[in-house]
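Chain by chain, the residues run as shown.
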Amino acid sequence: MVICDTPGTNPEADKFQHNVNVAAALNYRPISRLLIVVKADTRMANPLDRIREFATDLLELPDGIIGTLVTHMDTVSWSEMEFKTMVQNELGIDCVLFSRKHTHKKFLLDDIQATCTQTLNLRVDHDNFLKLFKIGKSERKIILQIRKEVQRFRLIKEQFDEARKAFEGKDEIDLVFEFQAWMERQVIVSQKKLAKANDFTFYGHKADAEAGYVANMTNQMRCVLYDLRVEAANFQKEHGAGDARRCPHCNEVWIKVEGCEGQTTCGSRPSVSIDVRDANFAELGTFSFAWQNLKESFKLAINKLPSRKIEHKKFASQIGCGNNINWSSLPKVSIPPELAQVVKPVRMDEVPILSKDVPGAKTWHAAVDHALDTALLRMQLGKKPA
C-alpha cells in the first residue's frame, strides 16, 4: 500500500502550484481511497464543516472514493460513533477513520487498507482541474460582475419555468431539451463577456486568477443547469429507456420502446427508428430563445418555429435469435455501453469550466497540462518507512 500525503488545497499563497501538486498525486497511480484529514475540535461541528468544505470541492470524483480521517481524538470528549453518524447523515460519507496520539501506526494502516476495496484511475487535466480546485481571488469589481451574470442566468431559468406552463406533450419535451442546449451556450457567452469586460488574457502572472474567476461563475451556473439535466433525464426514464432486459436464449440485450409487457420475439424491432423522448414523435418542434432587454426589465422570449419532418430509416438486418419471449419475465440488466449516449447518469462533464472558445483559454489549458505533467515527473517514491 502506498500513501501519498499532499499539501492543502487552500493555502494563503501560490494556490495554483499547491493544487497542481495535489493533482499530480491523483495522476500518479490508480487510487483506492482519498482521505480528507481533519483535526478534532472541542466543537464537533468544526471538523464536520472542514470535511464538508473539501468534500464539496471533490464532487466531480466518483462516489465512494472519498473518506475522512479525524486526528487528535484524545483531546475531545465526543465519541467516534457520534461523529461517524453525523458525517454519514449529513455528508453521505461512510468511510470515517480516527486516530489518537498513541494510535500505533500498524493499526492505523490496517484500518486504512481495510477501506480500500476498489481501484480507480483518476486523470486530472485542464478540463477538470478548475472543477476540483479553487484558485480564484476576490477582487470586488469582478466578483460583483460574476454575481450579476449568475443572477441573470437564474432569472432566465425562473422565467422559463413559468413560460413552459403554456406547453404540453411533445412540445414541452422539445422545449426542455432545446432550452437546455441554449442555456449551455449561454454559459460560454457569459464566460466571454466576463473575460472581455476585465481584459482577461489567461497569460502571465494573472492567468491563474483569471481562470479562477471564470470557474467561480461557471460552477454556480452549472448548479442551475443540473436541474434542467435532471428533467431531461426524467423524460427518458418515463419512456422506459433505462429498462434494459436480456434474452435468456441468446443473451442479446434489448430496450422496449413500443408494445406491451407480454409476449414477443427476440429480435422483433419497430419498423422505423424511434425518438426515445416520445413514442409519437414524427415532427420535431423547434424553438428560438432570446433574452430581451426592455426599458425597465428583462424578459425571456420563446418562439415556436415551423416544425420540420424527421427522416426515418428502416432497419436493414435482423438481430436476435427469434425465440418467443415474454418481456415482463425477462431478467433486467445494466444499460450496455452502446446506449450510454442515450441513457446516462446526470453529469455536467460537457459544460466547460473555461471554454476553448474564450479568447486566450487555449493558452491557459496548455499551461495547466504542462504544469501537471511536470509535477507528475517529480513524483517519486522514497524508501519504505521502517
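Residues numbered from 1 in each chain as written. Predicted model: local features only at pLDDT ≥ 70, side-chain atom pairs only at ≥ 80, totals over all residues. Heavy atoms only, no water.

(A) Geometry of the nonpolar core. In terms of nonpolar packing, the biggest core is built from 77 residues, with Phe83, Phe129 and Trp364 touching the most fellow members. The residues contacting Phe129, other than those within four sequence positions of it, are Phe16, Asn19, Val20, Ala23, Val124, Ile135, Trp364, Val368 and Leu372. Ranked by size, the runner-up nonpolar core spans six residues in total, among them Trp254, Cys266, Ile325 and Trp327. (Core = buried A, V, L, I, M, F, W, Y, C linked by side-chain atoms within 4.5 Å. Buried < 20%, exposed > 50% of the residue type's maximum accessible area, 1.4 Å probe, protein only. Contact = heavy atoms within 4.5 Å.)

(B) Spatial organisation of the packing of aromatic side chains. Counted by the stated rule, this structure contains 12 aromatic pairs. Measuring from ring centre to ring centre gives 5.9 Å for Trp291 and Phe298, while their planes differ by 5°; the resulting arrangement is stacked. What makes Trp291 buried here is its relative accessible area of 18%. You can call Phe298 partly exposed: its relative accessible area is 42%. An aromatic cluster is defined as three or more aromatic residues linked by ring pairs; in this entry it consists of Phe160, Phe179, Trp182 and Phe289. Here the guanidinium or amino end of Lys304 rests over the ring plane of Phe287, the centre of that ring lying 5.9 Å away. (Phe/Tyr/Trp six-rings, centres within 6.5 Å; stacked < 30°, edge-to-face > 60°. Lys NZ or Arg CZ within 6 Å of the ring centre and 35° of its normal.)

(C) The arrangement of the packing of helix α2 (residues 45–57) against helix α3 (residues 80–91) in detail. Between α2 and α3, the least distance of the axes is 11 Å, while the angle of their chain directions is 35°. Both α2 and α3 take part in a crossing whose hand is right-handed. Between α2, through Pro47, Leu48, Ile51 and Arg52, and α3, the contact on the second element is made entirely by Phe83, Met86, Val87, Glu90 and Leu91. For the contact of α2 with α3, the class distribution of residues is seven nonpolar, no polar and two charged. (Axes fitted to C-alpha atoms, helices over the stretch in contact; angles between N-to-C directions. Helix = DSSP H or I, 4+ residues; strand = E, 2+ residues; numbered from the N terminus. Left-handed = near helix turned anticlockwise from the far one by under 90°. Nonpolar A, V, L, I, M, F, W, Y, C, P; charged D, E, K, R; others polar.)

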